[in-house]
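Observations on the three-dimensional arrangement
Here are the chains, one letter per residue:
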Amino acid sequence: MQPGELSGKVFIVTGGNTGIGAAIVQQLAQRGGHVALVSRNRDKGEAAVQAIRAAAPESAVDLVIGDLSTVAAVSDLAATLLERYPRIDVLINNAGVWPMRRVLNADGLESAFMVNHLVPFLLTTLLLQRIKDGGSGRIVNVNAGLYVNGKLDMARTPYGLDFSRIRTYADSKLCNMLFTLELARRLAGTGVTVNAVHPGVIRTALGTTGGPLGWILRQVKRTWDTPEDGAKAPVWLATAPELAQTSGHYFNLLADTAVTATAGDPELARRLWDLSAALAGLSSDPVPMPSLSVTPPA
Ligand SMILES: NC(=O)c1ccc[n+]([C@@H]2O[C@H](COP(=O)([O-])OP(=O)(O)OC[C@H]3O[C@@H](n4cnc5c(N)ncnc54)[C@H](OP(=O)(O)O)[C@@H]3O)[C@@H](O)[C@H]2O)c1
């Protein structure tokens, strides 16, 4: 891979101000990509942009302020991105949270369900036509291997009822996996691909907490891989020429990996799709399933 090889391509990276997201932005920018670094916090976002420019002065990195906490805020972010970027090649839904307690947003939705699932659903569908216009767009959803522990209860999961630190995070990532595979079915034949990736076990601020548990976690994290390591698989999915036709797959790091029966259940995915559209306030199906072409009898 050469510097400048991604020249002319526009990438959107959510949660780009820190952790895996910041490393993704840096790796794409160093290879010539034009990257929109989405951050909810201006100071953190500017610091990240400065650090990337210090490492690679020619980088084309824009700071886009965008909160992902509510449906209205995500709609505002999508409008900003559509106004600013006449071309979008790749959307990397990286922002994520691992909450230590049940937190509801202004829409009444639990924060992990919101940020880890409903935000990718809504932001992707709002940007999809622009991504389609390029003819070969890609969507990369940063998931987590823990999705296998998720269970989906349509009446309880969106509201974080029965909150548990591990289960709630896993549930949200299961929803993101179901969304990834359902979107791939709906995008079949459009030239746009969507895949999910587990980035590794990475030393970031994710799931940070105080007290004795926080202290223990900080010691354990010292042995984990770096954000630069965590960026490698998402960047590969976003750019590798050999993956141009690959869609609806889950990669555990770089390994194409079968999903669980629950994550691969198309009926569950369709029901979650409809629920997500309703929770996001969409009045019509944002990406209808393509109808099967039936050859009339002679
Ligand atoms: N670290 C791991 O071992 C690991 C393993 C598997 C999967 N993942 C996934 O990797 C992705 C990146 O995580 P990370 O480890 O890099 O975590 P991180 O360092 O905590 O970064 C998370 C990013 O998401 C942003 N974010 C969270 N809530 C937001 C909101 N409401 N509005 C706007 N931005 C928001 C954060 O912004 P602020 O800085 O403003 O909070 C931050 O930029 C996540 O999807 C995570 O689930 C991580």
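A short tour of the structure in this document, coming up. (Residues numbered from 1 in each chain as written. Predicted model: local features only at pLDDT ≥ 70, side-chain atom pairs only at ≥ 80, totals over all residues.)

Some words on the overall build of the protein chain
On a plain count of helices and strands, the protein chain comes out with eight helices and eight strands. For the protein chain, whose C-alpha radius of gyration is 18 Å, the value lies close to the compact-globule estimate of 19 Å for 298 residues. In terms of principal-axis extent, the alpha carbons of the protein chain reach across some 65 × 45 × 35 Å. Residue burial in the protein chain is summarised as follows: out of 298 residues, 45% are buried. Restricting to contacts in the protein chain with at least 6 residues of sequence separation, those with at least 24 account for 74%. (Helix = DSSP H or I, 4+ residues; strand = E, 2+ residues; numbered from the N terminus. Rg over C-alpha atoms; globule rule 2.2 N^0.38 Å. Buried ≥ 20, exposed ≤ 12 C-beta atoms within 10 Å, placed from the backbone. Contact = placed C-beta atoms within 7 Å.)

Here's the deal with the sheet that holds strand 7 (residues 250-252)
Here we have eight strands laid out as an open sheet, ordered 3-2-1-4-5-6-7-8, and mixed in their pairing. Bordering the open sheet on either side are strand 3 (60-65) and strand 8 (255-257), each of which pairs with just one other strand. The sheet shows a mean angle of 25° between the axes of neighbouring strands, taken without regard to direction. Note: strand 1 (residues 10-14) against strand 2 (residues 34-39), five bridges, orientation parallel. Along strand 2, the bridge assignment pairs Val10 with His34. Against the sheet, helix 2 (residues 42-55) engages strand 2 and strand 3, with an angle of about 175° to strand 3. On top of the sheet, helix 7 (residues 227-239) reaches strand 1, strand 4 (90-93), strand 5 (138-142), strand 6 (193-198) and strand 7; it is set at about 165° to strand 5, its chief contact. (Pairing = 2+ DSSP bridges. Axes fitted to C-alpha atoms, helices over the stretch in contact; angles between N-to-C directions.)

Some words on the pairing of strand 6
Most of strand 6 is tucked away, with six of its six residues classed as buried. By the alternation rule, side chains of strand 6 split into Thr193, Asn195 and Val197 and Val194, Ala196 and His198, which are all buried. Summarising the sheet, strand 5 and strand 6 pair through five bridges and their orientation is parallel. Looking at strand 6, one finds that Val142 is bridged to Val197. Between the parallel pair strand 5 and strand 6, the chain is carried across by helix 5 (residues 165-186), and the sense of this crossover is right-handed. When strand 6 meets strand 7, the two strands line up parallel, connected through three bridges. By the bridge assignment, Val197 is partnered in strand 7 with Phe251. (Right-handed = clockwise from strand over helix to strand, strands pointing away.)

As for the site of the ligand
Around the ligand there are 26 residues in total, and Gly15, Gly19, Leu68, Gly96 and Thr204 lie nearest to it. Sort the elements by how many residues they give to the shell around the ligand and helix 1 (residues 19-30) lands first, with three residues. In the shell around the ligand, the residues fall into 12 nonpolar, 11 polar and three charged. (Near = placed C-beta within 6 Å. Nonpolar A, V, L, I, M, F, W, Y, C, P; charged D, E, K, R; others polar.)

A look at the pairing of strand 4
The alternating pattern of strand 4 places Val90 and Ile92 on one face and Leu91 and Asn93 on the opposite face, and all of these are buried. Sheet topology note: the strand 1/strand 4 ladder contains three bridges and is parallel. In the strand pairing of strand 4, Phe11 is matched with Val90. In this structure, strand 4 lies alongside strand 5, joined through four bridges in parallel fashion. From the neighbouring strand, Val90 faces strand 5, where its bridge partner is Arg138. Each parallel crossover has a hand, and the one from strand 4 via helix 4 (residues 111-133) to strand 5 is right-handed.

Notes on the packing of helix 1 against helix 7
The axes of two packed helices give the description: the angle between them and the distance between them. Where helix 1 meets helix 7, the axes come as close as 8 Å, and the angle between the chain directions of the two elements is 65°. Here the hand of the crossing between helix 1 and helix 7 comes out right-handed. Contact with helix 1, carried on its side by Gly19, Ile20, Ala22, Ala23, Ile24, Gln27 and Leu28, involves Pro227, Glu228, Gly230, Ala231, Pro234 and Val235 of helix 7 and no other residues of that element. Looking at the contact of helix 1 with helix 7 residue by residue, the classes come out as nine nonpolar, three polar and one charged. (Left-handed = near helix turned anticlockwise from the far one by under 90°.)

A word on the environment of Asp76
Residue placement: Asp76 occurs in helix 3 (residues 71-84). For Asp76, a count of 14 C-beta atoms within 10 Å puts it in the partly exposed group. When the C-alpha atoms of Asp76 and Leu123 are compared, they prove to be 9.9 Å apart, with 47 residues separating the residues in sequence.

A closer look at the packing of helix 3 against helix 4
Where helix 3 contacts helix 4, the axes come no closer than 10 Å and their chain directions differ by 25°. In terms of orientation, helix 3 lies roughly parallel with respect to helix 4. The two elements helix 3 and helix 4 meet at a crossing, and its hand is right-handed. Listed contacts from helix 4 to Val71, Val74, Ser75, Leu77, Ala78, Leu81 and Leu82 of helix 3 are Val119, Leu122, Leu123, Leu126, Leu127 and Arg130. (Parallel < 35°, antiparallel > 145°, perpendicular 65-115°, else oblique.)

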